[in-house]
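Survey of secondary and tertiary structure
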Amino acid sequence: MTVHTSYMERTIPDASGITLEHETAAPGRGAAPASRPPLHQHHFYEITLVLRGSCEFFSAQGRMSLIPGDLLLVPPDRPHACCLQKGAQLCRCQFETQIISGILAASLQDMVYWNIPQASAAEKRMRELKAFEEDARAAGSPPLLHLSVSGLQGMIHLTHAELDYLYPILQSIAREQEERHFNFEQMKLFRLQELLVLIRRIQLSQFQLISREASWKEDMINTVLAEIDRDLSQDIDFEGIAHSQGITLSYFRTIFKEATGMPPTDYLNRVRILRALELLQTSDAPVAEIGRKVGIYDANYFSRLFKKVTGYPPRYFKSIPAKGKEE
């Protein structure tokens, strides 16, 4: 579908190619638009930092709620719109592409498109898990796709410490723009370059943390899966495993389901039944004994669970001779 947008111009205060401005929601504003407002685009980069309140960010792909500490880098020629809620305040830094050159210009593309050196599949998956997504649709509003952070390229969420570190740089650009002391245009450029370098450092640091978390989670789940495969007859204490990792059972279940597609108990039961199915067709052991071999000691429960998973009772498969016995 073609998205019709208009190009937005800006007031250029000086020859630096950099504009710093604050926007505060007017009194009475605050209702989130039920449908996407008209989108615009521009020929320059725009850094948007949410300082207070919240706002709705719209693009051709969907909509997302931004909260204080969210920093968004919008590249040239990307259709978008931003609607402030009541009491919200943004800081915007707009700059021309040509004033940034060399390595820093290349890093701008990396920041927008989340190019992380040697990013693993685990890192990408964990980025999805860590992504902040808020459903801001009002009841009865028209359907509108909501974006997660992972789907909103060029966006990072700053911690309080990171916000306290970056925002003064934006304020210093504003002061240079307003006071116009000697060589202020060059100072604005210096400060912008510093800002972009720090944003990239924060982005890389966040991915390193996510990578370490992904590695820990994968190692934990792989250990649990290996333990299940090693001896199905033993009791698997998921609560004890969670406690040993310093996490709640609920959080462990969430991690496990993200890795395997099903809750830990369901996964364990499925593995047990599949192993029991193999034993039913390859051994002469009674059904109850096979249940015990896979860790299910109640024969009635074993039969019910087996039928739930396979659709047939255990004795149905017991009556089918193994392929090797037929030969």
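The sections below set out a description of the structure shown in this document. (Residues numbered from 1 in each chain as written. Predicted model: local features only at pLDDT ≥ 70, side-chain atom pairs only at ≥ 80, totals over all residues. Heavy atoms only, no water.)

**Looking at the side chain of glutamine 203**
To keep it simple, the criterion reads: Per the convention used, a helix needs a DSSP run of H or I reaching at least four residues, while a strand needs a run of E reaching at least two, with both numbered from the N terminus. Here's how the labels work: a residue is buried when its accessible area is under 20% of the maximum for its type, exposed when over 50%, partly exposed in between, all with a 1.4 Å probe on protein chains only. The term polar contact refers here to a pair of N or O atoms within 3.5 Å; inside protein, the definition further demands a hydrogen-donor-capable atom paired with an acceptor-capable atom, and it admits residues adjacent in sequence only when both atoms are side-chain atoms.
By secondary structure assignment, the location of glutamine 203 is in helix H4 (residues 184–230). Using a relative accessible area of 2% as the deciding quantity, one classes glutamine 203 as buried. Here the side chain of glutamine 203 touches arginine 200 through a polar contact of 2.4 Å, side chain to side chain.

**Examining the pattern of salt bridges**
For clarity, the cut-off: Any carboxyl oxygen of Asp or Glu within 4 Å of a side-chain nitrogen of Lys or Arg constitutes a salt bridge here.
Throughout the structure, instances matching the rule amount to 9 salt bridges. Among the ionic pairs, lysine 188 bridges to aspartate 14, the shortest N-O distance being 2.8 Å. Taken together, the residues span a long stretch of sequence, with lysine 188 in helix H4 and aspartate 14 in the loop between strand E1 (6–7) and strand E2 (18–24) at a distance of 174 residues. Of the two residues examined, lysine 188 and aspartate 14, each falls in the buried class. Close ionic contact of glutamate 227 with arginine 230 constitutes a salt bridge, the shortest N to O distance being 3.1 Å. With glutamate 227 and arginine 230 both in helix H4 and 3 residues apart, the pair spans about one turn of that helix. You can call arginine 230 exposed: its relative accessible area is 59%. Here the residues in one salt-bridge network are Glu23, Glu46 and Arg92, joined through shared partners.

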